[in-house]
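Residue-level listing of the chains:
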Amino acid sequence: MFLSPRWISLFTSLLVSSITTGFLSFVPEVNLAMLFIAAIGSFFSTFFFTFYIIDLLVFKEVNQIYASIQKLKIRDFDISRKTLLKSVNPLKKLNREISNYVSKKQEEIDELKRMEIFRREFLADVSHELKTPIFAAQGFVHTLIDGALEDPVIAERFLKKAAKSLDGLDILVRDLVVLSQVETGDIKMIFGAFDILELVKEIFEQLENKANKRNTTLVYKPKDLRACWVYGDKQRLSQVLINLIDNAIKYGRDNGKVVVELNTENKKVEIVIEDNGPGIPQEQLPRIFERFYKVDKSRTREVGGTGLGLAIVKHILNAHDSTINVTSKIDKGTRFTFHLAKPPKEIA
Ligand SMILES: Nc1ncnc2c1ncn2[C@@H]1O[C@H](COP(=O)(O)OP(=O)(O)OP(=O)(O)O)[C@@H](O)[C@H]1O
Ligand SMILES: [Mg+2]
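The rules behind the values
- Along each chain, the written sequence defines residue order, and numbers are assigned to residues from 1.
- Following the order in which they are written, the chains are lettered starting with A and the ligands numbered starting with 1.
- The model is predicted, so local features are restricted to residues of pLDDT at least 70 and side-chain atom pairs to those at 80 or more, both for listing and for counting; the totals for chains, interfaces and linings are taken over all residues.
- Only hydrogens and water are removed before side-chain values are computed, so all heavy atoms of the structure are retained for them.
- The salt bridge definition used is simple: a Lys or Arg side-chain nitrogen within 4 Å of an Asp or Glu carboxyl oxygen.
- Per the convention used, a helix needs a DSSP run of H or I reaching at least four residues, while a strand needs a run of E reaching at least two, with both numbered from the N terminus.
- For each domain, the first and last residues come from an automatic or database assignment.
- Two residues qualify as a contact provided that any one of their heavy atoms is within 4.5 Å of a heavy atom in the partner residue.
- Note on terms: buried area is the combined drop in 1.4 Å-probe accessible area of two parts once they are placed together, counting the loss on both.

Participant: A description of the pattern of salt bridges should follow, citing residues and the corresponding values.
Facilitator: Tallied over the full model, the rule gives 13 salt bridges. Between Glu 111 and Arg 114 there is a salt bridge, with its nearest N and O atoms 3.0 Å apart. Here Arg 114 and Glu 111 lie together in helix 4 (residues 90–145), a separation of three residues that amounts to about one turn. Here Glu 129 and Lys 294 are joined by a salt bridge, their closest N and O atoms 2.6 Å apart. Remark: Lys 294 occurs in the loop between strand 5 (268–275) and helix 9 (297–303) and Glu 129 occurs in helix 4; sequence separation between them is 165 residues.

Below, the structure is given as structure tokens:
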């Protein structure tokens with residue numbers, strides 16, 4: 001408060017008037033009336049002069065800066081002109097406000113730049129993933145038109161290949177639709193109680209052929225478990241389990257083992273999907289849930305994944321208030337863990 005223009009002017013004028021009067025009092029011809037006039041005169045003139053200078057130099061400038069800020073229509077700039085002018089040190093306050101504002105804007109710019117890079121990468125990935133099956137199917141169809149149709153054996157082989165590429169395209173587009181729906185929250189989860197052990201058994205049957213091709217054993221634990229009830233969207237959670245078990249088979253090793261563990265805890269059920277495959281390098285672990293991220297590009301190409309599975313898994317589990325954790329050891333295997341709620345008492 002003592003730094004306000006009024007107080008500064010008051011102190012300066014008091015100082016000037018007391019020095020002037022003090023010196024004048026040593027002059028013998030100067031009487032009391034003259035001293036009084038000198039004191040009053042120097043006091044008021046110094047007061048108004050100082051006040052005017054401070055006002056002109058500081059407050060007018062502050063006002064002008066404020067006006068320019070307002071011209072920019074900066075909504076985030078939330079300090080009012082009144083508070084600013086009333087403050088002890090308006091320049092300091094204004095400076096602090098501006099630097100706060102600048103760092104806030106910088107964060108926004110950084111976020112926008114990140115989103116832009118992400119958008120560009122996503123677009124590049126989508127077009128690349130779409131291009132591959134389209135070009136393959138196109139190639140087969142053109143070869144057929146150009147004469148391969150005449151040989152029924154070749155024709156059948158090429159048609160099958162074209163159909164396989166188009167099936168891949170269909171899966172990719174479906175995955176993209178699901179992903180965008182879960183991300184925007186457009187997808188409706190249908191929650192209910194179901195036996196996850198039964199679901200795991202169904203998925204094992206579904207993936208049996210795939211597992212047999214690699215001679216992979218599929219087992220659940222504990223062995224003596226009869227049922228394990230959880231609460232969630234059965235269809236979406238089945239998608240989660242299919243992707244995790246499918247990954248464990250695809251990216252595990254030949255003659256490997258995939259274990260699904262269901263551990264009942266106090267209010268939740270812990271679900272673990274573990275393989276004894278080659279594992280994922282530590283530094284890549286946080287990235288595997290990104291869209292289109294593939295650890296071993298050559299292996300993925302070989303087995304035909306698009307890298308959307310785990311991104312979908314993450315979103316579906318988020319919608320169940322659950323998160324997925326992964327740990328992995330090179331040449332030992334990978335372990336994915338998540339939790340699901342037990343059914344509420346009234347349903348169970
Ligand atoms: N159990 C695992 N062991 C080793 N690597 C894995 C395992 N699970 C996932 N990965 C790696 O993580 C990547 C991302 O997995 P994700 O399920 O998202 O994609 P994908 O299986 O390749 O394709 P999609 O699931 O879309 O068919 C895979 O490409 C693979 O490199
Ligand atoms: Mg997958």
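Participant: Provide a residue-level description of the domain arrangement of the protein, including the pertinent values.
Facilitator: Under the domain assignment, the protein is made up of domain 1 (5–88), domain 2 (116–184) and domain 3 (192–341). One C-alpha centre belongs to domain 2, the other to domain 3, and the line joining them spans 26 Å. Listed as interface residues are twelve residues of domain 2 and, on the opposing side, eleven residues of domain 3. With both sides pooled, the region where domain 2 packs onto domain 3 buries about 1,200 Å², and carbon together with sulfur makes up 68% of that total. Of all residues in domain 2, the largest losses of buried area upon contact with domain 3 belong to Glu 129, Leu 179 and Glu 183, amounting jointly to 38% of the total for that side. For the interface between domain 2 and domain 3, the tally reads two salt bridges.

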